[in-house]
Amino acid sequence: MLSFIHLSDIHFQKYSGDAYDLDDDLRNELLIDLSKNFPKNISNANGILICGDIAFSAQEREYAVASDFLEQVCQRVSLDPSMVFCVPGNHDVDQAITRGSRSIKSLQHDIEVADPQEAEKILAQICRNPLDAQTLGASIKHFNTFATKYHCGFTPNPLTWKQNMSLNDTYTLCIVGINSTLISSERDHEGGATERLMRLSLSQIPKRQANTIFLSLCHHPPACWIDFDGKLQNKMDARVAVQLYGHKHLQTVRQTKQGIAVGSGATHPVRTEKDWIPRYNWITLDIGKKAGKDILTVRIYPRVLNKSETAFIVDPTLANEQNYLEYDIFPNEPEDISLNDAFVRAETQHQAEVEKVMNQPLLADSWERAFIYSFANLPFYARKRIVETLSLDRPEDMGKTSAELLDCYIERVKEKGQVEKLLEQVQAERERL
């Protein structure tokens, strides 16, 4: 069984964490709830899932406070602090950057106004051009700095990240992070109450794979997509067993062809909202048998701040005095993919044709992911010393993002047989601090 702490719309602000932060008490109650009540229901946690809007105005200071809070969450459930999975929301877009850049406005406009087929072509052209790709992604630079240490930073190529966890001896859970903020800017709410729709790409939807169950993180739900023919949502509903969304600040669960789509609710709703209901979830996934078939059982434990704002409790709207919602999902096994054939193809494929490490889903509990978190949290001079000691820099690295560089370093130490030396160097630098 895999278990997760599920957060969304945390909205850390400029003054979050200071002496006058009203939400500091709310966060403290969430930590107490994890310490006191989580272990009574679930034996252990395997990760933290965040559906965007970690910050409020996408500033560096807001992500520093978020990092500290997430470390506390991990401590309360005895979880390695690297086990955070996140995607950006519209509040993770630095609107000062989009407001001041004609280049970003032009790229976003081209993507937004095109018909679906043309938009796919334009987006592909942008992502294949390093300068255009860097420009399009510039507005989430502080989010990416924060998320890179969790191996969840976004570059326009690709527009998703994937990380794998073992569900049992047969099934792999593939967590897919989807960036729905490609055209998000200060224009999102121009013209009053009508919200501007976001553009997603078909390339962001996972392809079916044998014995793989998909769980997706995306900030904007399907109702907020430019998807008038429903093609994007239909593909998601047919392929992704558990879809997690943020943005709307209200919790909903919609059953789909393949599983469920969950509107997360908000950990820190804006206090001026009519329905101010801080909430978060615990989620478990387990594989069992039903009528002789494999079945995925998903339990969602909704946790809500009580009316007196003194503690997080079981959602009082749940029926029959239960503290969770339960859904049974039959894994959707592609008819045209044979597991044995897949293994044969993998064994016979020439080494030069194998995808590079940076394009393959990392195992969530791998040494690579732990290294990324530890390395990214070191001071600049310590990181530089490690890179120079192991001769990991190359001339072609010029212009690469931090996330891309980390993937390159991992690939290079593997090629050189220096993995153990790399980990020793990181540990030595940590001990110096």
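Small disclaimer: the values here were computed from a predicted structure and weren't measured. (Residues numbered from 1 in each chain as written. Predicted model: local features only at pLDDT ≥ 70, side-chain atom pairs only at ≥ 80, totals over all residues. Heavy atoms only, no water.)

J.: Kindly report on the pattern of salt bridges, identifying the contributing residues and their values.
T.: As enumerated under the stated definition, the model contains 21 salt bridges in all. For Glu-368, the salt bridge goes to Lys-414, with nearest N and O atoms at 2.6 Å. With Glu-368 in helix 11 (residues 367-376) and Lys-414 in helix 13 (residues 402-416), this residue pair connects regions lying 46 residues apart in the sequence. Using a relative accessible area of 8% as the deciding quantity, one classes Glu-368 as buried. Here Arg-385 and Glu-429 are joined by a salt bridge, their closest N and O atoms 2.8 Å apart. Of the two residues, Arg-385 is situated in helix 12 (residues 380-389) and Glu-429 in helix 14 (residues 419-432); the sequence distance between them amounts to 44 residues. Under the relative-accessibility criterion, Glu-429 is labelled buried at 3%. Taken together, the shared-partner salt bridges connect Glu-112, Arg-187, Asp-188 and Arg-196 into one network. (Salt bridge = Lys/Arg side-chain N within 4 Å of Asp/Glu carboxyl O. Helix = DSSP H or I, 4+ residues; strand = E, 2+ residues; numbered from the N terminus. Buried < 20%, exposed > 50% of the residue type's maximum accessible area, 1.4 Å probe, protein only.)

J.: A description of the layout of surface pockets should follow, citing residues and the corresponding values.
T.: Empty space within the second largest pocket amounts to approximately 690 Å³. For the second largest pocket, the lining is made up of 23 residues, of which Thr-145, Phe-375, Ala-376, Arg-383 and Ser-402 are closest to its centre. At the level of secondary structure, the elements contributing two or more residues to the lining of the second largest pocket comprise helix 3 (60-76), helix 8 (141-148), helix 11, helix 12 and helix 13. Considering only residue class, the lining of the second largest pocket consists of 10 nonpolar, seven polar and six charged. (1 Å grid on protein atoms, 1.4 Å probe; cavity = no way out; pocket = protein on both sides within 12 Å on 5 of 7 lines; lining within 4 Å. Points joined across faces, edges and corners; volume = space filled by probe spheres on them. Nonpolar A, V, L, I, M, F, W, Y, C, P; charged D, E, K, R; others polar.)

J.: Before we move on, can you summarise the environment of Ser-35 with the specific residues and values?
T.: Along the chain, Ser-35 turns up in helix 1 (residues 23-36). Among the residues examined, Ser-35 registers a relative accessible area of 35% and is labelled partly exposed. Sequence separation of Ser-35 and Val-77 is 42 residues, and the distance between their C-alpha atoms is 6.8 Å.

J.: Go over the packing of helix 5 (residues 102-113) against helix 7 (residues 130-137) with me, naming the residues and quoting the values.
T.: Where helix 5 meets helix 7, the axes come as close as 9 Å, and the angle between the chain directions of the two elements is 95 degrees. Here helix 7 runs roughly perpendicular to helix 5, going by the angle between their axes. The segment helix 5 lies against helix 7, with Ser-103, Ile-104, Leu-107, Gln-108 and Ile-111 engaging Asp-132, Thr-135 and Leu-136. In terms of residue class, the contact of helix 5 with helix 7 is built from four nonpolar, three polar and one charged. (Axes fitted to C-alpha atoms, helices over the stretch in contact; angles between N-to-C directions. Parallel < 35°, antiparallel > 145°, perpendicular 65-115°, else oblique. Contact = heavy atoms within 4.5 Å.)

J.: Summarise the packing of aromatic side chains; cite the residues concerned and give the values.
T.: Tallied over the entire structure, the rule returns 13 aromatic pairs. The structure contains a cluster of three or more aromatic residues connected by ring pairs, namely Phe-38, Trp-282, Tyr-301 and Tyr-324. We note Lys-293 situated over the ring of Phe-330; from NZ or CZ to the ring centre the distance is 6.0 Å. (Phe/Tyr/Trp six-rings, centres within 6.5 Å; stacked < 30°, edge-to-face > 60°. Lys NZ or Arg CZ within 6 Å of the ring centre and 35° of its normal.)

J.: Quick rundown of empty space enclosed by the protein? Include the residues and the values.
T.: Here the structure, examined in full by the defined rule, presents four cavities of 30 Å³ or more. For the largest cavity, the calculated volume is near 100 Å³. Leu-136, Gly-137, Ile-140, Asn-179 and Leu-182 are the residues nearest the centre of the largest cavity, which is lined by 11 residues in total. In terms of residue class, the lining of the largest cavity is built from six nonpolar, five polar and no charged. Along its surface, the second largest cavity is lined by 12 residues, and Thr-212, Phe-214, Arg-239, Gln-258 and Asn-332 are the ones closest to its centre.

J.: Break down the sheet that holds strand 9 (residues 260-264) for me, with residues and values.
T.: If you walk across this open sheet you meet the seven strands as 8-9-7-6-5-4-14, and the pairing is mixed. A single partner strand is all that each edge strand has here, and the edge strands are strand 8 (251-255) and strand 14 (362-363). Inspection of the sheet shows strand 4 (residues 160-166) paired to strand 5 (residues 172-178) by seven bridges, in the antiparallel sense. The residue bridging Thr-160 from the neighbouring strand is Ile-178, located in strand 5. In the packing of helix 9 (residues 231-239) onto the sheet, the strands contacted are strand 5, strand 6 (212-218), strand 7 (242-245) and strand 8, and the crossing angle to strand 7 comes to about 130 degrees. (Pairing = 2+ DSSP bridges.)

J.: Describe the packing of helix 5 against helix 6 (residues 116-128), with residues and values.
T.: Close contact between helix 5 and helix 6 brings their axes to 8 Å; oriented N to C, the two are set at 150 degrees. Classified by the interaxial angle, the pair formed by helix 5 and helix 6 is roughly antiparallel. As for the relative orientation of helix 5 and helix 6, their crossing is left-handed in sense. On helix 6, the residues that touch Leu-107, Asp-110 and Ile-111 of helix 5 are Ala-119, Ile-122, Leu-123 and Ile-126. Tallied by class, the residues present in the contact of helix 5 with helix 6 amount to six nonpolar, no polar and one charged. (Left-handed = near helix turned anticlockwise from the far one by under 90°.)

J.: Describe in detail helix 13, supporting the description with residues and values.
T.: Compared with an ideal rise of 1.5 Å per residue, which puts 15 residues at 21 Å, helix 13 spans 21 Å between its outermost C-alpha atoms and is within 8% of the ideal. Of the residues making up helix 13, those classed as buried are Ala-403, Leu-405, Leu-406, Asp-407, Cys-408, Tyr-409, Ile-410, Glu-411, Arg-412 and Val-413. Looking at the buried side of helix 13, the elements it contacts are helix 8, helix 11, helix 12 and helix 14. Positive phi shows up at Gly-417, right after helix 13, with a value of about 70 degrees. (Expected span 1.5 Å × (residues − 1).)

J.: Pulling in residues and values, what's your account of the environment of Arg-99?
T.: Here Arg-99 lies in helix 4 (residues 95-100). Put simply, Arg-99 and Leu-167 are 68 residues apart on the chain and 44 Å apart in space, counted from C-alpha to C-alpha.

None of the figures reported here should be taken as evidence of function without further support.
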